[in-house]
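# Analysis of the macromolecular model
The residues making up each chain are set out below.
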Amino acid sequence: MIVSISCVVLLGIVVFIFFRKDGLKASHALVAMLFGFYLASTAIAPSIKAGGESLAGLLGGFKF
């Protein structure tokens, strides 16, 4: 678990730097995918999923 959290933090920083520096390239997208996979295996994943579902429900409730 500690290694997983360390990877999440490291990959999160790398993804942030890539977005700020050059935009998103193919190699940057690969790092972002790895970040997502590591993040999904952490204890915070259910909270992120619940937040995403809540946001989708909120946006889905708007009438245009």
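Residues numbered from 1 in each chain as written. Predicted model: local features only at pLDDT ≥ 70, side-chain atom pairs only at ≥ 80, totals over all residues. Heavy atoms only, no water.

## A look at the overall build of the protein chain
- Secondary structure summary: the protein chain contains three helices and zero strands in total.
- Its helices and strands taken in sequence order, the protein chain reads α-α-α from the N to the C terminus.
- Across the 64 residues of the protein chain, 12% fall into the buried class. (Helix = DSSP H or I, 4+ residues; strand = E, 2+ residues; numbered from the N terminus. Buried < 20%, exposed > 50% of the residue type's maximum accessible area, 1.4 Å probe, protein only.)

## So, the environment of S41
- In this structure, S41 sits in the loop between α2 (26–40) and α3 (45–60).
- Remark: the alpha-carbon pair of S41 and V8, spanning 33 residues in sequence, is separated by 9.6 Å.

## Topic: the UniProt feature "transmembrane region" (unreviewed entry) in the protein chain
- As recorded in UniProt, the sites labelled "transmembrane region" (unreviewed entry) are residues 26–45.
- This span, residues 26–45, is 80% helix and 0% strand, and a straight line between its end C-alpha atoms measures 25 Å. (UniProt positions renumbered as here; feature names shortened; annotations may be inferred.)

## Side note on the confidence of the model for the protein chain
- Put simply, the protein chain has an average pLDDT of 75, and 88% of its residues get 70 or more.
- Model confidence for the protein chain, summarised as mean pLDDT per element, is weakest for helix α1 (residues 2–22) at 73 and strongest for α3 at 79. (pLDDT = per-residue confidence, 0-100.)

## Some details on a nonpolar patch on the surface
- The grouping of L30, M33, L34, F37 and Y38 at the surface amounts to a nonpolar patch, some 520 Å² of accessible area in total.
- In this structure, L34 sits in helix α2. (Patch = residues over 30% accessible without salt bridge, like charges linked within 9 Å, V, L, I, M, F, W, Y side chains within 5 Å. Areas by Shrake-Rupley, 256 points an atom, 1.4 Å probe, with all protein chains shown as cover. Salt bridge = Lys/Arg side-chain N within 4 Å of Asp/Glu carboxyl O.)

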